[in-house]
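These are the residues of each chain, in order.
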Amino acid sequence: MRKIAGAAVLTAVEMRAAEAGAFDRGDDAVAMMQRAGHACAAAVGRLSAGAEVLVLCGPGNNGGDGYVIAASLAAAGQPVRVAALGAPNTDTAVQARTGWHRPVEALGEAFPAPVLVDALFGIGISCPLDDTVVAALSRLGEAARLTIAVDLPSGVDSDSGARLGCPAPVDLTLALGALKPAHLLQPAAALCGTVRLLDIGVDASATAQVIGPPTLPEPGPQSHKFNRGMVAVVRGRMAGAAELCATAAMHAGAGYVALLGASMPGAPHALVRRRLDDEALADRRIAALVVGPGLGRDDDMRALVERALASEHALVIDGDALHLVTPEQLRTRGGQIILTPHAGEFEALFGRSDGSKLDRARAAANASGATVVFKGPDTVIAAPDGRTRLAPAANNWLSTAGSGDVLAGAIASCLAAGLDPLAAAAAGVWLHGEAARRCGAAFIADDLARALTQARAALT
Ligand SMILES: NC(=O)C1=CN([C@@H]2O[C@H](COP(=O)(O)OP(=O)(O)OC[C@H]3O[C@@H](n4cnc5c(N)ncnc54)[C@H](O)[C@@H]3O)[C@@H](O)[C@H]2O)[C@@H](O)CC1
Ligand SMILES: [K+]
């Protein structure tokens, strides 16, 4: 059982292909299910500390895992019962069922137990759960002290994270072989509780990964303020947002940060103030230019965004600037560009579309040629080459004014340090999440920007 940082994230189709690849190499489905079930049982056994376990088994292979878990716990002397939603209907699950030699209760009539293991449905759920199933899950979940989902909480769509029924949250989800998008995308992610990964012997390499602690360059004897990475932030109508962004860039490790445009009294002394003119914008030492925080959306600001696009700098485009560009314009401009839209900005720039947040971020990166950081409680980063990174659940207190300005600054700092746009975006999201974790509760964006120093120090 391991933590999820850096883990591969596979869609249902990719997961089945990974399993098929293992079978092609001589593995078989029954052996794989035994490994999955025994790995789950070991975790359940440790966590239940001898309390009675009720395992709920569905009709497919998720249910098959459940029978193996129950049999394994029984063999270890743990009190365990099984309740099922019908008979197993796959060869592998039928085989797993033969290993359980005790009664099987009907789901709707099952008596609760202190530990509930949900092995009703995993990646194979295809339509919303019946109300009677949701009612049974809720009743048994509420009565349990500890609820554990096998692979996924039953009633969520594996690829999109949508609810299929209204399941209650579980305490722990044991992801089998790889993470699935639903472990990270809302609303499903909030139902998963703590997520841990179990190895079941499949090769789970993928273009999508969970963001983990980044590797960032450390200063050495040759370092000076400019080669540590110079960030410039364009000040628009609201100076505060640009100053927050610039402050965040400094605390995330940039060697030199310039605010282009008039600052307000009280900004950090280390922040370099420069006039916003062509000479400042053309400064070749700028390694990342941020435009958008507190910018405004009038014609003057549109012209300013165009001047930023006309520069040769690597760009972080945030906030209002996302309303003043088009995907085609960005694709034509090329070069290193990171976009940091929240849901409203994303829709304004890329329009409404169906599909999961992962699909939408990938399509946006493809359309714009930029790296897209689709922000929210389930941030997804997509690069134009198809690689994606998904953020683990972060501190919900991040839903505060200025939090996005801080993120843009953190990302710009990592871009200026020489990381490629995908790595820089992922590093910035990690630093932002770690800073928020350290801040605890009810912090403001100024605290968050300062806490980036501690988040950065945690990596050294
Ligand atoms: N070798 C394998 O195939 C392995 C499979 N694994 C497990 O197998 C799971 C996937 O198994 P399956 O593909 O069989 O899928 P599931 O077991 O998730 O569910 C599919 C079954 O549920 C039924 N179903 C779907 N939606 C329903 C609904 N709303 N109401 C009632 N019934 C519904 C389907 O008709 C089918 O019988 C994974 O999540 C994982 O837990 C693991 O054991 C690893 C190995
Ligand atoms: K499940």
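Computed from a prediction, not measured in an experiment: that's the story for all the values here. (Residues numbered from 1 in each chain as written. Chains lettered and ligands numbered in written order. Predicted model: local features only at pLDDT ≥ 70, side-chain atom pairs only at ≥ 80, totals over all residues. Heavy atoms only, no water.)

## Quick notes on unusual backbone geometry
For residues that are not glycine, phi is negative in most cases, and the peptide bond is trans in most cases. The criterion, for reference: The helix and strand labels rest on DSSP assignments: H or I over at least four residues marks a helix, E over at least two residues marks a strand, and numbering proceeds from the N terminus.
Across the junction of glutamine 186 and proline 187, the peptide omega takes the value 5°, indicating a cis bond. Position of proline 187 among the secondary structure elements: in the loop between strand E6 (172-176) and strand E7 (194-198). Phi is positive for aspartate 151, close to 70°, though the residue is something other than glycine. Along the polypeptide, aspartate 151 turns up in the loop between strand E5 (146-150) and E6. The phi dihedral of alanine 442 is positive, around 50°, even though this residue is not glycine. Within the fold, alanine 442 resides in the loop between helix H13 (421-439) and helix H14 (445-457).

## Some words on the packing of aromatic side chains
Keep this limit in mind: Here a Phe, Tyr or Trp ring, Trp counted by its six-membered ring, pairs with any other such ring whose centre lies within 6.5 Å, and the pair is stacked when the planes are under 30 degrees apart, edge-to-face when over 60, and tilted otherwise. Buried means the residue's accessible area, taken with a 1.4 Å probe over protein chains only, is under 20% of the maximum for its type, while exposed means over 50%, and partly exposed covers the values in between.
Under the counting rule described, the total for this entry stands at three aromatic pairs. Relative to tyrosine 256, the ring of phenylalanine 226 lies with its centre 4.6 Å away and its plane at 35°, an arrangement referred to as tilted. Of this pair, phenylalanine 226 sits in the loop between strand E8 (208-210) and strand E9 (230-234) while tyrosine 256 sits in strand E10 (residues 256-260), placing them 30 residues apart in sequence. Accessibility expressed as a relative area gives 13% for tyrosine 256, which makes it buried. Each ring, one from phenylalanine 346 and one from phenylalanine 350, has its centre 5.0 Å from the other, and the planes form 45°; the classification is tilted. Linking phenylalanine 346 with phenylalanine 350, this pair stays in helix H10 (residues 343-350), spanning four residues, or about one helical turn. Given the relative accessible area of 19%, phenylalanine 350 is considered buried.

## Here's the deal with the pattern of salt bridges
Rules: Any Lys or Arg side-chain nitrogen located within 4 Å of an Asp or Glu carboxyl oxygen qualifies as a salt bridge.
Enumeration according to the criterion identifies 19 salt bridges in this entry. Between arginine 81 and glutamate 105 there is a salt bridge, with the nearest N and O atoms lying 2.8 Å from each other. Taken together, the positions of arginine 81 in strand E2 (residues 80-84) and glutamate 105 in strand E3 (residues 104-106) put the pair 24 residues apart, joining distant regions of the chain. On the basis of relative accessibility, which here comes to 17%, the residue arginine 81 falls in the buried class. Across the pair glutamate 434 and arginine 437 runs a salt bridge whose closest N-O atoms are separated by 2.8 Å. Placement of both glutamate 434 and arginine 437 in helix H13 is noted, with a separation of three residues, approximately one turn of the helix. Of the residues examined, arginine 437 reaches a relative accessible area of 54% and is grouped as exposed. Here the residues in one salt-bridge network are Glu52, Arg81 and Glu105, joined through shared partners.

## Focus on the side chain of arginine 389
How we decide: Here Asp and Glu are counted as negative and Lys and Arg as positive; His is not counted, and neither are the chain ends. It only takes one pair of heavy atoms within 4.5 Å for two residues to be counted as in contact.
Within the secondary structure, arginine 389 is located in strand E17 (residues 388-390). For the buried arginine 389, no salt bridge is present, and the opposite-charge side chain at shortest range is aspartate 420, 7.6 Å distant. Setting aside residues up to four positions removed in sequence, arginine 389 forms contacts with Thr207, Gln209, Ile211, Thr379, Val380, Ile381, Leu422 and Ala426.

## Comments concerning the UniProt feature "binding site: AMP" (unreviewed entry) in the protein
Put simply, the test is: UniProt positions are given in the numbering used here, feature names are shortened, and annotations may be inferred rather than shown by experiment. Every definition here rests on a 1 Å grid over the protein atoms only: cavities are sets of points where a 1.4 Å probe fits but cannot get out, pockets are open sets enclosed by protein on both sides within 12 Å along at least five of seven lines, and lining residues have some atom within 4 Å of a point. Pairing of N or O atoms within 3.5 Å defines a polar contact, subject to two protein rules: one partner must be a possible hydrogen donor and the other a possible acceptor, and residues neighboring in sequence count only if both atoms are side-chain atoms.
Following the UniProt record, the feature "binding site: AMP" (unreviewed entry) maps to Lys375, Gly376, Pro377, Asp378, Thr379 and Gly404 here. Judged by maximum C-alpha separation, these annotated positions cover 30 residues in sequence but sit close together in space, the widest gap being only 13.8 Å. From the set just named, the residues that line the largest pocket comprise Lys375, Gly376, Pro377, Asp378, Thr379 and Gly404. Mapped onto the fold, threonine 379 is located in the loop between strand E15 (371-374) and strand E16 (380-382). Taking the relative accessible area as the measure of exposure, threonine 379 reaches 10% and is therefore buried. When neighbours within four sequence positions are excluded, threonine 379 is seen to be in contact with Lys357, Val373, Phe374, Arg389, Leu390, Ala391 and Val429. One polar contact links the side chain of threonine 379 to the main-chain carbonyl oxygen of glycine 376, over a distance of 3.1 Å. Note on placement: glycine 404 falls in helix H12 (residues 403-416). Take glycine 404: its relative accessible area is 22%, and that puts it in the partly exposed class.

## Some words on the domain arrangement of the protein
Operational definition: The domain boundaries here were taken from an automatic or database domain assignment. Summed over both partners, the accessible area (1.4 Å probe) lost when two parts come together is defined as the buried area.
Domain annotation of the protein identifies domain 1 (12-210) and domain 2 (230-457). Once you take the C-alpha centre of each, domain 1 and domain 2 turn out to be 39 Å apart. A buried area of about 1,000 Å², summed over both sides, lies between domain 1 and domain 2, and 61% of it is on carbon and sulfur atoms. Inspection of the domain 1/domain 2 interface yields zero salt bridges. There are six residue pairs in polar contact (both at pLDDT 80 or more) connecting domain 1 and domain 2.

## So, the coordination of the potassium ion (ligand 2)
Basically, it comes down to this: In this listing, donors mean N, O and S atoms no farther than 2.8 Å from the metal, or 3.2 Å for Na, K and Ca; water is missing from the atoms, so a site can look incomplete.
Each protein donor to the potassium ion (ligand 2) is listed here as Asn62 (OD1), Asp118 (O), Phe121 (O), Val150 (O) and Leu152 (O); together their distances run 2.5 to 3.0 Å. When the donors of the potassium ion (ligand 2) are listed by position in the chain, the intervening gaps give N-x55-D-x2-F-x28-V-x1-L. Pair noted here: asparagine 62 is in helix H3 (residues 61-75) and valine 150 is in strand E5, with a separation of 88 residues, a long-range link. When its relative accessible area of 1% is taken as the criterion, valine 150 is described as buried.

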